[in-house]
2 protein chains.
Amino acid sequence: MSSSFQTIKPSVRIDDPFWTPYTALIRDKVIPYQWKALNDQIPDAAPSYAIRNFRIAAGLEEGEFGGMVFQDSDPAKWLEAVGYSLAAHPDPELEELADGLIDLIVAAQQPDGYLNTYFTIKEPGLRWTNLHECHELYCAGHMMEAAVAYYEATGKRKLLDAMCRFADYIDSVFGTEPGKLPGYDGHQEIELALVKLYEATGEERYLRLSQYFIDQRGQAPDYFVEEWERRGQTSYWRQGKVPSPSAAYNQSHLPVREQSVAVGHAVRAVYMYAAMADLALLKQDNELLEACRRLWSNITTRQMYVTGGIGSTHHGEAFSFDYDLPNDTVYAETCASIGLIFFARRMLQMEQKSDYADVMERALYNLVLGSMSLDGTRYFYVNPLEVWPEACEKNPGKHHVKPERQKWFGCSCCPPNVARLIASLGDYIYSTHGSKLFVHLFIGGEAELVVEQETVGIQQQSALPWNGNVGFRLRLQRPKRFTLALRVPAWCSGEALLSINGEVCTDSIRIVNGYAEIDRIWTDSDQIEWTLPVRAQWVEGHPSIRALAGKAAIQRGPLVYCLEELDNGAPLSSLTLASGSGLTETFDPQLFGGVYVIEGEAARDDAGSWSEEPYRPLQLESRPAAFRAVPYFLWGNRGRGEMSVWNRVQ
Amino acid sequence: MSSSFQTIKPSVRIDDPFWTPYTALIRDKVIPYQWKALNDQIPDAAPSYAIRNFRIAAGLEEGEFGGMVFQDSDPAKWLEAVGYSLAAHPDPELEELADGLIDLIVAAQQPDGYLNTYFTIKEPGLRWTNLHECHELYCAGHMMEAAVAYYEATGKRKLLDAMCRFADYIDSVFGTEPGKLPGYDGHQEIELALVKLYEATGEERYLRLSQYFIDQRGQAPDYFVEEWERRGQTSYWRQGKVPSPSAAYNQSHLPVREQSVAVGHAVRAVYMYAAMADLALLKQDNELLEACRRLWSNITTRQMYVTGGIGSTHHGEAFSFDYDLPNDTVYAETCASIGLIFFARRMLQMEQKSDYADVMERALYNLVLGSMSLDGTRYFYVNPLEVWPEACEKNPGKHHVKPERQKWFGCSCCPPNVARLIASLGDYIYSTHGSKLFVHLFIGGEAELVVEQETVGIQQQSALPWNGNVGFRLRLQRPKRFTLALRVPAWCSGEALLSINGEVCTDSIRIVNGYAEIDRIWTDSDQIEWTLPVRAQWVEGHPSIRALAGKAAIQRGPLVYCLEELDNGAPLSSLTLASGSGLTETFDPQLFGGVYVIEGEAARDDAGSWSEEPYRPLQLESRPAAFRAVPYFLWGNRGRGEMSVWNRVQ
């Protein structure tokens, strides 16, 4: 663990041929589109009611609360995304809109600091009586995150101050001291938000409150069971009496320090692990760090899809168990992979091991990007690795899998989560630790970092994900010795090449924890070329992952590929890809503005010789065929059809 | 269609090395065991409450109704099985027990003939107000079937008369005439039962009532929707208002004559199709026959597992859609395959095509036998083709799949259904039509059949399913010309050989609709040898069945085989079976009293070279292995582990 805390957030401006269109899309399309959605202005989409709820709670409108009990978190995530976007790209009009929303939010805040439109409108006397199900602290956490992001972008303290009042009030309510509630939220989120509030304000109490929530969780007696008894064994979601809450669902089955296996609702889990990592670092808490390491390892070696998706069952949107990664009944919620990225970034703050960044990149380029349509207006909540559209409609066990991205959701947590992640992408690229400057992601732009009290400017150019040419140019006031640590991605199919100021280096680099470390005295305008081998390759899964037996995926650089019906016909399951015959990589400038497609040879089971019988003596008849794979993150942008990441291979 | 109706039920006594132990098991173990279960005397098993309900309804005991709303059908099915068993094997003690139950049942019958313990005990004023959910006519139907079976076995009319009173009462309640309810049951069953009651009593009104239920179903306006409105949009199963009923779930989405695709709850469907086939034959109704043909074809060519399982999704225990036959999330309820066998037998009465008997045999030898433990005391409700025990426990999408047979079920429709089917197995072997005597199943024993008004005795010996030697000896009063039609099973991997009185025949047989027809003047003691090639063979599935791509099953004669973890290690998915290397068939006298096991070569994915990473560049590493397959119907009798019918093949 690094011995001193230093924020990983450098000043970064993204300027990258692959990513700039996305950050622009978030700014120009997604943020305005989501604003409309929050204001119920998208035709034929599920209404949000989220802004209306604030108007009602603020006394500006009459009406009933609408939407999910945690609907407040959607405007919060939107506002957080706006904050990040304004930081990178000032926009007075958007800022005015956001200021207006902040005025509304603050108007809905109660005199004691409490803020929650559901309880304010609908159950004013029942605050904190159903922490298990009603997301009050979860919504508080999202609003705190928004407040910090908006304050950091604009310097405006209105929402930050309001959220400090809310945090102060929460601090007065929760704790193990007599007269306080020894509870914590059913949906973790406030824990990591309080860390951000502490970092933004320096107020230690917020850090201690976060610590309290983390360490109180899972302590006996079970708070949620006691609370459920006090409520008369009722539920927010159902009429009548309900069974007692499942502790594993929200990771309160054990004190967090004793947890080793990721269980329960995946988003709750990773939000909590992220906060645990924050606290491990800030408090130099080795026991927490060990728990984080175990949980990270369990997720990423046994419960993660090749796309970076996690949480394989839609029952409880949850982890199931080791190696249970079905492609078709998958859940893999967008928010869960975003939370995994949060967790990864925090682990990287503690220990600079490329594994964390590899996973971050895997989830970012495949699952998160793939969850959004190219035009930014449609989203996947569930991110399947195999789709048979008819089954999604007609087999109820797959109803949760949508073959096409949706305009909006009744529970629309994912779209604003994508927006806030991409709008803050600059926070994930670099970090500095002591005399080392780490490059975790290869995304072009300008950054200013502090290495041992001195500012280092770094300009990155990257041709990823399509090609592996990455270049850096340093800007230094004066020569300075430090270590530049460049990630060697796990997907490198050969050796990465380094040259400095035009000279190829071999001797001066050593690989430490997956980073090429170049320790030298750097001078202004030094140029570093970092050439990564980006080649299509076949990937196989661990034999314990039953669903992948006999199958292979294709990956090229950080991108996982898939087959779509449009290119390959249906059923895709009839194809056996020929792993021995080589993969042809072709840049197709017409497709989605230019992408590499991968083609190869295959055999197709011969359906022509079948009549109506469902079974017959084995003939293993097939005929030669070709296949064409496209990047997974782009699937479903050309109409509806089958899709498959893992395909039979010989 | 045969031009004249003749009951398919000949007098048959089973005496067969394979089947006699099963009929004895039903008699000696299953019937007594299930009696205990119905009386809540099985330790650690879900209580039934079924007999107690009758005692309470009869005023012999105080208490609350217990169990499912359709719990009455369990004792009915038990009693029906007892009837069949007594017919084949008189047993005064069992008969006394059954007489006592009948006394109890009749004591619970209401003065107007109504019989239903749920409504009598719990909702006496609400008869016929929730046909959609409450199974009153379903339970009535089962009790009618029991009454007929018991009457035919013992000649005792008490229950038969009681059920006629009930049927008369039902006839006075239901119909399209003014003042009657134009309804029908939410769970079809009474339709086929009324046909049996008609056949046993000759009372045409029962046939007309059955016809009414069949033809009224699916007519507009939707009876179940109207009934739901009348109830205030409530449900038996849930509190509060519920959405309007789904018509497809119980096949009331269309008039039955217009149906072509099997949809909805599978047991409901096949019970109805069986009644449709009954009526098509009895009323010479060609339109109904055409509907039966379409539905049969849809099920058996597109919605049936290789084991004879049907209804692939546990959501609604239902058919999903064509070619959607997942092996792991499967439902394939035991009762559904039993209903398919009912349907098949009735189709055979109309048209003697071997396809019907092939399916009957497939479901009987694989799914139905496999649903029961060898000792007759444990049962599968769901019959999977692939089991990963840990997933059954830890992945909620597979909780319905049990890796081990259960002692009893809260909803225990299946165990007594197996008992009544096996106890009446004699009814499925032969049929006569005009001058033709058909042998559908090769099961040893003695039978007397009527061919053109003359009695033909036939003695069958069969070495199936293990070997293909089948022999017949005729008993005739005088020489008689008729056609002996022997089924040529679809699984024959070569030519079936016929010899008569020691002489091999080739010329005199012709294959008509899958039956070898031998038309000659037969004399007493004629001996026929019918030698079927029983050899292990690989089977593949239609390419549209996505779940079977790249996989093969193994079948030997009528038996489908499977791999078990005990013989092959785990994960089974690591094995690729070598289809080119031949299958070794060995009789293992130690295993389950003697069965053929099938062995062959395979390759096993090499797990040894893996470390903790979940994904890696494709190596396709494997090492030679052997595999051993056992009959599917015997799986899970040697402890818990993985099982798989369809395995990767090369």
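What counts as what
All residue numbers refer to position in the chain's written sequence, counted from 1. Just so you know, chain letters begin at A and ligand numbers begin at 1, following the order they were written in. This being a predicted model, a pLDDT of at least 70 is required before a residue's local features are given, and a value of 80 or more before pairs of side-chain atoms are given or counted; all residues contribute to the totals for chains, interfaces and linings. Here the side-chain values reflect all heavy atoms present in the structure, with hydrogen atoms and water set aside. For helices the rule is a DSSP run of H or I covering at least 4 residues; for strands it is a run of E covering at least 2, with both sets numbered from the N terminus onward. Two things to know: the radius of gyration comes from C-alpha atoms, and the globule rule equals 2.2 Å times the number of residues to the power 0.38. The rule is simple: take the accessible area with a 1.4 Å probe, protein chains only, and divide by the maximum for that residue type; under 20% is buried, over 50% is exposed, in between is partly exposed. Only the protein chains shown count as covering a residue, and every accessible area follows the Shrake-Rupley method with a 1.4 Å probe. Asp and Glu count as negative and Lys and Arg as positive, but His and the ends of the chain are not part of the count. The atoms used to mark charge sites are NZ of Lys, CZ of Arg, CG of Asp and CD of Glu. Here the axes come from fitting lines to C-alpha atoms, over the contacting stretch only for helices, and the angles between their N-to-C directions go from 0 to 180 degrees. An angle below 35 degrees is read as roughly parallel, one above 145 as roughly antiparallel, one from 65 to 115 as roughly perpendicular, and any other as oblique. Two helices cross in a left-handed way if the nearer one is turned anticlockwise from the farther one by less than a right angle. They cross in a right-handed way if the turn is clockwise. In this analysis, two residues are considered to be in contact whenever any of their non-hydrogen atoms come within 4.5 Å of each other. Here a helix's expected span is defined as the number of its residues, less one, multiplied by 1.5 Å. Two axes are fitted around each residue, one to the seven residues ending there and one to the seven starting there, and the angle between them is reported as the bend at that residue. When DSSP finds at least two bridges between two strands, those strands are taken to pair. Fitting of the copies onto one another was done by least squares over C-alpha atoms, counting residues only where both copies have pLDDT of at least 70. Only one rule defines a salt bridge in this text: a Lys or Arg side-chain nitrogen within 4 Å of an Asp or Glu carboxyl oxygen. Two parts placed together each lose some accessible area under a 1.4 Å probe, and the buried area is that loss summed for both. Between N or O atoms, a polar contact is any pair within 3.5 Å; within protein, one atom must be a potential hydrogen donor and the other a potential acceptor, and residues adjacent in sequence are included only when both atoms are from side chains. In this description, the term disulfide denotes a pair of cysteine sulfurs within 2.5 Å. An automatic or database domain assignment supplies the start and end points of every domain. We call Asp, Glu, Lys and Arg charged. Ala, Val, Leu, Ile, Met, Phe, Trp, Tyr, Cys and Pro are nonpolar, and the rest, Gly among them, are polar. What counts as a ring pair is set by centres within 6.5 Å for rings of Phe, Tyr and Trp (its six-membered ring), and what kind of pair is set by the plane angle: stacked under 30 degrees, edge-to-face over 60, tilted for all other angles.

**Student:** What should I look at first to understand the overall build of chain A in this one?
**Tutor:** Scanning chain A for helices and strands turns up 18 helices and 23 strands. Since a compact globule built from 650 residues should have a radius of gyration of about 26 Å, the 25 Å found for chain A is in line with a globular shape. A principal-axis box enclosing the C-alpha atoms of chain A has dimensions of 75 × 70 × 50 Å. Considering chain A as a whole, with its 650 residues, one finds that 63% of them fall into the buried category. Total accessible area on chain A stands at roughly 22200 Å², and carbon and sulfur atoms take up 48% of it. Charged side chains of chain A number 60 positive and 84 negative; the gap between the two group centres comes to 1 Å.

**Student:** Would you mind showing me how to read the packing of helix H10 (residues 204-216) of chain B against helix H12 (residues 266-282) of chain B here?
**Tutor:** Residue and element names in this part refer to chain B. Orientation of H10 relative to H12, taken along the N-to-C sense of each, is 125°, at an axis distance of 10 Å. Taken together, the axis directions place H10 and H12 in an arrangement best described as oblique. Of the two possible hands of crossing, H10 and H12 adopt the one that is left-handed. Between H10 and H12, the contacting residues are Leu-207, Ser-210, Gln-211 and Ile-214 on the first element and Met-272, Ala-275, Met-276, Leu-279 and Leu-282 on the second.

**Student:** Mind showing me how you'd approach helix H1 (residues 20-38) of chain A here?
**Tutor:** Along an α-helix, residues three or four apart share an orientation, since each turn contains 3.6 residues. Residues and elements named next belong to chain A. In this model, H1 (19 residues) spans 25 Å end to end at C-alpha, consistent with the 27 Å of a helix rising 1.5 Å per residue. Along its length, H1 reaches its greatest deviation from straightness, about 40°, at Ile-26. Just downstream of H1, Asp-40 is the residue with a positive phi angle, here 60°.

**Student:** Which parts of the structure should I look at to understand the pairing of strand E3 (residues 430-433) of chain A?
**Tutor:** Regular strands place their side chains on alternate faces of the sheet. Residues and elements named next belong to chain A. Here E3 shows two buried faces, one formed by Tyr-430 and Thr-432 and the other by Ser-431 and His-433. Here E3 runs beside strand E4 (residues 436-439); their pairing, made up of four bridges, is antiparallel. Considered in E4, the bridge of His-433 is made with Lys-436. With antiparallel pairing between neighbouring strands as the criterion, E3 and E4 make up a hairpin whose turn holds two residues, including Gly-434 at a positive phi of roughly 60°.

**Student:** Looking at this structure, how should I read the relation of the copies chain B and chain A?
**Tutor:** Two copies of the chain are present, and they differ by a rotation about an axis and a shift along that axis. Turning chain B through 180° and shifting it by 0.1 Å along the axis lays it on chain A, with an RMSD of 0.1 Å. Such values leave the two copies arranged in the relation of a two-fold axis. Looking at chain B, 100% of its interface residues are interface residues in chain A too, so the copies touch through the same face.

**Student:** Just to check I follow, could you spell out the sheet that holds strand E12 (residues 515-522) of chain B for this structure?
**Tutor:** To summarise the sheet geometry, strands pair through backbone hydrogen bonds and adopt either a parallel or an antiparallel arrangement. Residue and element names in this part refer to chain B. The mixed open sheet is built from five strands, whose spatial order is E3-E4-E8-E12-E11. The open sheet terminates on both sides in strands that have one partner only, identified here as strand E3 (430-433) and strand E11 (509-512). The average undirected angle you get between the axes of adjacent strands in this sheet is 25°. Contacts from helix H15 (residues 354-370) reach strand E8 (480-487) and E12 within the one sheet, and its direction differs from that of E8 by about 50°.

**Student:** How should the pattern of salt bridges be read in this particular structure?
**Tutor:** A side chain with one charge may pair with a side chain of the opposite charge, provided their charged atoms come close. Applying the stated criterion across every chain yields a total of 101 salt bridges over all chains. Residue Glu-145 of chain A pairs with Lys-196 of chain A through a salt bridge whose shortest N-O separation is 2.6 Å. Of this pair, Glu-145 of chain A sits in helix H7 (residues 136-154) while Lys-196 of chain A sits in helix H9 (residues 190-201); the two residues are 51 residues apart in sequence, bridging distant segments of the chain. Among the residues examined, Glu-145 of chain A registers a relative accessible area of 1% and is labelled buried. Between Glu-203 of chain B and Arg-205 of chain B there is a salt bridge, with its nearest N and O atoms 3.8 Å apart. The exposure class of Glu-203 of chain B is partly exposed, given its relative accessible area of 30%. In this structure, a network of salt bridges that share partners links the residues Glu-564, Asp-567, Asp-588, Glu-599, Arg-628 and Arg-638 of chain A.

**Student:** Looking at this model, I keep getting lost on the sheet that holds strand E7 (residues 469-475) of chain B. Mind explaining?
**Tutor:** Residue and element names in this part refer to chain B. Strand order in the open sheet formed by seven strands is E1-E5-E6-E7-E13-E9-E10, and the pairing between neighbours is antiparallel. Edge strands, defined here as strands with exactly one partner in the open sheet, are strand E1 (11-14) and strand E10 (503-505). The average angle at which neighbouring strand axes cross in this sheet is 25°, direction not considered. Relative to E7, strand E6 (residues 454-462) runs antiparallel, the two sharing six bridges. Bridge assignment links Ser-462 to a residue of E7, and that residue is Val-470.

**Student:** Even after reading the chapter, I still don't get the interface of chain B and chain A, so can you show me in this structure?
**Tutor:** The interface of chain B with chain A comprises 62 residues on the first partner and 62 residues on the second. Taken together, the two surfaces of chain B and chain A that pack against each other cover about 5000 Å², and 60% of this comes from carbon and sulfur. The interface formed by chain B and chain A includes six salt bridges. Where chain B touches chain A, the interface holds 22 residue pairs in polar contact (both at pLDDT 80 or more). Only helix H13 (286-302), helix H16 (389-394), strand E14 (536-541), strand E20 (615-617) and strand E23 (647-649) of chain B provide two or more residues apiece to the side of chain B that touches chain A. Sorting elements by how many residues they give to the side of chain B that touches chain A places E14 of chain B first, with five residues.

**Student:** Looking at this structure, how should I read the state of the cysteines?
**Tutor:** A covalent bond bridging the sulfur atoms of two cysteines is what the word disulfide describes. Applying the stated rule across the entire model yields zero disulfides over all chains. Among the cysteines around Cys-139 of chain A, which has no disulfide bond, Cys-134 of chain A carries the closest sulfur, lying 9.8 Å off.

**Student:** Looking at this structure, I do not really get the pairing of strand E16 (residues 559-564) of chain B. What am I missing?
**Tutor:** Residue and element names in this part refer to chain B. When you tally the buried positions in E16, you get six out of six residues, the bulk of the element. Because side chains alternate across E16, one face comprises the buried residues Leu-559, Tyr-561 and Leu-563, and the other comprises Val-560, Cys-562 and Glu-564, equally buried. With two bridges joining them, strand E15 (residues 551-556) and E16 adopt antiparallel strand pairing. Looking across to E16, one finds that Gln-555 is bridged to Val-560. The hairpin formed by E15 and E16 contains two residues between the paired strands, and Gly-557 there has a positive phi angle of roughly 60°. With three bridges connecting them, E16 and strand E21 (residues 622-631) associate as antiparallel partners. Considered in E21, the bridge of Leu-563 is made with Ala-629.

**Student:** Got a minute to help me understand the domain arrangement of chain A in this structure?
**Tutor:** Many authors give the size of an interface as the accessible area that is lost as the parts come together. All names here are of chain A. When cut into domains, chain A gives domain 1 (430-531) and domain 2 (536-649). Contacts between the two partners involve six residues from domain 1, matched on the other side by twelve residues from domain 2. Summing both partners gives a buried area of about 720 Å² for domain 1 against domain 2, and 65% of it is carried by carbon and sulfur. Three residues stand out in domain 1 for area buried against domain 2, namely Pro-465, Trp-466 and Trp-491, and they jointly supply 85% of the buried area on that side. Along the contact surface separating domain 1 from domain 2 lie zero salt bridges. Connecting domain 1 to domain 2 are three residue pairs in polar contact (both at pLDDT 80 or more). Broken down by class, the residue content of the side of domain 1 that touches domain 2 amounts to four nonpolar, two polar and no charged.

**Student:** In this structure, what is going on with unusual backbone geometry? I would like to understand it.
**Tutor:** Glycine aside, the phi torsion of most residues is negative, and most peptide linkages are trans. Following Leu-464 of chain A, the chain continues to Pro-465 of chain A via a peptide bond in cis, the omega torsion being 0°. As for its placement among the helices and strands, Pro-465 of chain A is situated in the loop between strand E6 (454-462) and strand E7 (469-475). Pro-571 of chain B follows Ala-570 of chain B through a cis peptide bond whose omega is -5°. Not every positive phi belongs to a glycine, and Asp-40 of chain B is a case in point at roughly 60°. Structurally, the position occupied by Asp-40 of chain B is in the loop between helix H1 (20-38) and helix H2 (50-57).

**Student:** Whenever I open this one, the packing of aromatic side chains confuses me. Can you help?
**Tutor:** Two numbers describe a pair of aromatic rings. These are the distance of the centres and the angle of the planes. Counted under the stated rule, the structure contains 72 aromatic pairs over all chains. Measuring from centroid to centroid gives 6.2 Å for Tyr-184 of chain A and Tyr-223 of chain A, while their planes differ by 45°, and the two rings are tilted. Taken together, the positions of Tyr-184 of chain A in the loop between helix H8 (158-173) and H9 and Tyr-223 of chain A in helix H11 (residues 223-230) put the pair 39 residues apart, joining distant regions of the chain. Each of the two residues, Tyr-184 of chain A as well as Tyr-223 of chain A, counts as buried. Aromatic pair Tyr-118 of chain B and Phe-119 of chain B: ring centres 5.0 Å apart, planes at 90°, arrangement edge-to-face. In this pair, the class of Tyr-118 of chain B matches that of Phe-119 of chain B, namely buried.

**Student:** I'm lost on H2 of chain B in this one. Help?
**Tutor:** Residue and element names in this part refer to chain B. Burial analysis of H2 places six of its eight residues in the buried class, which makes it a mostly covered element. Taken as a whole, H2 has its buried residues at Ala-50, Ile-51, Asn-53, Phe-54, Ile-56 and Ala-57. Among the structural elements, H1, helix H3 (73-88), helix H4 (92-108), helix H5 (117-121) and helix H7 (136-154) are those in contact with the buried residues of H2.

**Student:** Help me understand the environment of Gln-239 of chain B, please; the structure alone is not making it clear to me.
**Tutor:** Residues and elements named next belong to chain B. For Gln-239, the location among the structural elements is in the loop between helix H11 (223-230) and H12. For Gln-239, a relative accessible area of 61% gives the class exposed. With 171 residues separating them in the primary sequence, Gln-239 and Met-68 have C-alpha atoms 16 Å apart.

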